[in-house]
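Chain and residue survey
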Amino acid sequence: MKEFIKIHQNDNVAVALTPLSANRTLDVDGTEVTLREDIPQGHKFALTDIPADAQVIKYGCPIGIAKENISCGSWIHTHNIRTGLGDLLTYTYDRSVTELTPTAPRTFRGYRRPNGKVGIRNEIWIIPTVGCVNNVATAIERKAQKYVQGSVEGIFAFPHPYGCSQMGDDQENTRKILSDLINHPNAGGVLVLGLGCENSNIDVLKNYIGDYDPKRVRFLVAQESEDEIADALNILEDLSAYVGSFEREDIDCSELVIGMKCGGSDGLSGITANPVVGAFSDLLISKGGSTVLTEVPEMFGAETQLMNRCEDEVLFEKTVDLINNFKQYFQSHNQTIYENPSPGNKKGGISTLEDKSLGCTQKSGSAPVMDVLSYAEQVKTKGLNLLSAPGNDLVASTALAASGAHIVLFTTGRGTPFACPVPTMKISTNSSLNNRKQNWIDFNCGTLVEGDTLPELAEKLFDEVIAVASGKEVKSEIPYQKPFAETLDIVHEYPVLDGDPLENNAYLSYNMVIGSGLDVKLNVAFSVLEYALLDAPG
């Protein structure tokens, strides 16, 4: 196994792939470097003397500015490096597009819907229009499990606290996300459960849903029902018969839409898992499929690489707006743009937002950017798409599902059990995490520094995605407790407008205990929960 890596020939740092002890002398590209202190796994050390105020280079790009003179062999981290990011920037389009060579088609076993869309799961979703009926929705979910049979793969309620007492963009975002999920093809059938007096009531929501198949989407207003649970179960019995009529069939993988997200990142994220996901993305796109990259604040510092890969200048301008709208959002709430890496990120070796972003955007591969999507906007163009959403795991992953992603590929160096409304595949950056958390991790990319090659791992990941699309459960779909988890802790983010410091991407996190769910999928329970409360940038 390699002990360290110099990622790019122009780098003045290397990254420890295993813990390295002080006073060791390493041969780095023919130059001897003696370590002045212990270097933790995933952390950086200087390959040359770096004077104060000089750039620290990793991935061939600046990841920050030296706070002080840094001697060759020294540990480089938050104590001696600061961000070089500023506020709003002016960008110039310098087109650098690499067209991918088409590769041989592949198929998976999915569900063809009557409207032509494709799903990879055949579930029934219960979508409340308002938080007032959450308990009713989860009670219906419990009682409806008798209808999970045949090709019906699950019945899930997605509680959330919104749908009323909202205004403006907050209300619009909630309605768009709800309608996106109601229309998601992973749900063979949907029960939309309303209260009756809420702002986002069923009649209002129908305007956002658009044309729908009444055999697939059913509605129930609790205030108009003598016994809403009994009526709901009757509806679900009918829905289960309809959903049970679908069977898996061969479908070309060009119809897959795959979301890409990272969380709990460490110093190996941009070296192992994210490049593998990027190579997977290129492979799927070469077969006619689509991928979606999000978490815009974690593009700051690497945005020009994405901008210059835009297919044309119109998309370039949309990407500029994507970035600057988010920066303006932070500024409008008196927040610092670049205070992003979390305590876990820093412990894992990420020192600045540029360091994090240059690793994060590795997930995009090398394909051209074909479209830029607003929050809650659905994918309509094949290829690589950029989606407006924040860095929070639950919010961004739900936004990916709402955009039409069938699966979310989630890379992590620290680990997390959460999931979103679609299968959420956890991909480890290091083998230690994979070996410790077999109940969380679906695919290990730590072997990239243990002998496997990038093309080999990308092909293996592609095979695994095909298997999941064909029905294989990911770990977060498998119940931790049977029959039910008692409560689920949902992390929700919202802007604080009174000047208090905000955590992680300028939002304050708090835990909210909600109703029961069947599995970790509902540990999501509607992370939709969103950013709907936010005045979404753009």
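Keep in mind the model is a prediction, meaning the values are calculated, not measured.

Digging into the packing of helix H2 (residues 168-182) against helix H3 (residues 202-209)
At a minimum axis separation of 9 Å, H2 and H3 run at an interaxial angle of 70°. On the basis of the axis angle, H2 is roughly perpendicular to H3. In this structure, H2 crosses over H3, and the sense of that crossing is right-handed. For the pair H2 and H3, the contacting residues are Glu-172, Arg-175, Lys-176, Leu-178, Ser-179 and Ile-182 in the first and Val-204, Leu-205, Tyr-208 and Ile-209 in the second. Its residues assigned to classes, the contact of H2 with H3 shows six nonpolar, one polar and three charged.

Comments concerning the side chain of Ser-254
Tracing the chain through its elements places Ser-254 in the loop between strand S16 (249-252) and strand S17 (257-262). Here Ser-254 falls in the buried class, since its relative accessible area comes to 18%. Looking at Ser-254, its side chain comes within polar contact range of the side chain of Asp-252, at 2.8 Å. Other than its neighbours up to four places away in sequence, Ser-254 contacts Lys-287, Gly-288, Gly-289 and Lys-382.

Side note on the packing of aromatic side chains
The relative placement of two aromatic rings is captured by the distance of their centres and the angle of their planes. For the coordinates displayed, the defined rule picks out ten aromatic pairs. For the ring pair Phe-280 and Phe-462, a centre distance of 5.7 Å and an interplane angle of 45° mean the geometry is tilted. Of the two residues, Phe-280 is situated in helix H5 (residues 273-286) and Phe-462 in helix H12 (residues 454-469); the sequence distance between them amounts to 182 residues. The class of Phe-280 is buried, set by a relative accessible area of 0%. By way of ring pairs, the aromatic residues Phe-300, Phe-326, Tyr-329 and Phe-330 are connected into one cluster. Over the face of the ring belonging to Phe-300 we find Lys-327, whose NZ or CZ atom lies 5.3 Å from the ring centre.

Structural notes on the pattern of salt bridges
Within the structure shown, the criterion is met by 22 salt bridges. Linked through salt bridges whose partners overlap, the residues forming this network are Lys-261, Glu-295, Lys-363 and Asp-393.

Digging into the confidence of the model for the chain
Looking at the chain as a whole, its pLDDT mean stands at 88, while 89% of the residues score no less than 70. In the predicted structure, residues 480-535 sits below a pLDDT of 50 and forms 183 contacts with residues beyond four places in sequence or in another chain.

Considerations on the pairing of strand S21 (residues 407-412)
The element S21 is largely enclosed, with a buried count of six among its six residues. Here S21 shows no split at all, with Ile-407, Leu-409 and Thr-411 on one side and Val-408, Phe-410 and Thr-412 on the other all buried. Note that S17 and S21 share five bridges and pair parallel. Considered in S21, the bridge of Cys-262 is made with Thr-411. Sheet topology note: the S21/strand S22 (residues 424-428) ladder contains five bridges and is parallel. Note on S22: the bridge partner recorded for Val-408 is Thr-424.

Things to note about the environment of Leu-195
Topologically, Leu-195 is positioned in the loop between strand S14 (187-194) and H3. According to the relative accessible area criterion, Leu-195 is buried, its value standing at 18%. In this structure, the C-alpha to C-alpha distance between Leu-195 and Glu-224, residues 29 residues apart in sequence, is 8.4 Å. Residues in contact with Leu-195, not counting those within four places in the same chain, are Thr-129, Val-130, Cys-132, Val-133, Val-221, Ala-222 and Gln-223.

Points about the nonpolar core
Judged by nonpolar contacts, the single largest core of 55 residues is most densely connected at Phe-108, Leu-256, Phe-300, Leu-409, Ile-427 and Leu-461. By residue number, the principal contributor to this core is helix H7 (residues 313-332), which donates eight residues. Setting aside chain neighbours within four positions, we find Phe-108 in contact with Val-118, Ile-120, Glu-249, Asp-250, Ile-251, Asp-252, Cys-253, Leu-256, Ile-466, Ala-469 and Ser-470.

Considerations on the sheet that holds strand S9 (residues 81-82)
If you walk across this open sheet you meet the three strands as S6-S7-S9, and the pairing is antiparallel. Each edge of the open sheet is held by one strand with a lone partner, namely strand S6 (55-58) and S9. Pairing analysis gives two bridges linking strand S7 (residues 61-66) to S9, with the strands arranged antiparallel. Bridge pairing links Ala-66 to Ile-81 in S9. Packing against the sheet, helix H9 (residues 353-360) makes contact with S6 and S7, and its axis sits at approximately 165° to S7.

Quick look at the sheet that holds strand S11 (residues 118-119)
With antiparallel pairing, the three strands of this open sheet are ordered in space as S11-S10-S16. The outermost strands of the open sheet, each flanked by one partner alone, are S11 and S16. The sheet contact formed by strand S10 (residues 107-112) and S16 spans four bridges and is antiparallel. If you follow Arg-109 over to S16, its bridge partner there is Asp-250.

So, the pairing of strand S15 (residues 217-221)
Looking at chain direction, S14 and S15 are connected through five bridges and run parallel. Bridged to Val-192 within S15 is Phe-219. Remark: the S14/H3/S15 crossover connection has right-handed handedness.

Let's talk about the packing of H5 against H12
Where H5 meets H12, the axes come as close as 8 Å, and the angle between the chain directions of the two elements is 65°. The angle between the axes of H5 and H12 places the two elements in the roughly perpendicular class. The chirality of how H5 crosses H12 is right-handed. For the pair formed by H5 and H12, the contact residues are Pro-275, Val-276, Val-277, Ala-279, Phe-280, Leu-283 and Leu-284 on the first element and Leu-454, Leu-457, Ala-458, Glu-459, Leu-461, Phe-462 and Val-465 on the second. In the contact of H5 with H12, the residues fall into 13 nonpolar, no polar and one charged.

A few points about the environment of Ser-357
Within the element layout of this structure, Ser-357 appears in helix H9. Residue Ser-357 is classed as buried on the basis of its relative accessible area of 0%. C-alpha of Ser-357 to C-alpha of Asn-340: the two residues are 17 residues apart in sequence and 9.8 Å apart in space.

Things to note about the environment of Val-221
By the secondary structure assignment, Val-221 is in strand S15. The class of Val-221 is buried, set by a relative accessible area of 18%. For Val-221, the contacting residues outside a window of four places in its chain are Gly-194, Leu-195, Gly-196 and Ile-202.

So, how was this worked out
- Residues numbered from 1 in each chain as written.
- Predicted model: local features only at pLDDT ≥ 70, side-chain atom pairs only at ≥ 80, totals over all residues.
- Heavy atoms only, no water.
- Axes fitted to C-alpha atoms, helices over the stretch in contact; angles between N-to-C directions.
- Helix = DSSP H or I, 4+ residues; strand = E, 2+ residues; numbered from the N terminus.
- Parallel < 35°, antiparallel > 145°, perpendicular 65-115°, else oblique.
- Left-handed = near helix turned anticlockwise from the far one by under 90°.
- Contact = heavy atoms within 4.5 Å.
- Nonpolar A, V, L, I, M, F, W, Y, C, P; charged D, E, K, R; others polar.
- Buried < 20%, exposed > 50% of the residue type's maximum accessible area, 1.4 Å probe, protein only.
- Polar contact = N/O pair within 3.5 Å; in protein donor to acceptor, adjacent residues only side chain to side chain.
- Phe/Tyr/Trp six-rings, centres within 6.5 Å; stacked < 30°, edge-to-face > 60°.
- Lys NZ or Arg CZ within 6 Å of the ring centre and 35° of its normal.
- Salt bridge = Lys/Arg side-chain N within 4 Å of Asp/Glu carboxyl O.
- pLDDT = per-residue confidence, 0-100.
- Pairing = 2+ DSSP bridges.
- Core = buried A, V, L, I, M, F, W, Y, C linked by side-chain atoms within 4.5 Å.
- Right-handed = clockwise from strand over helix to strand, strands pointing away.

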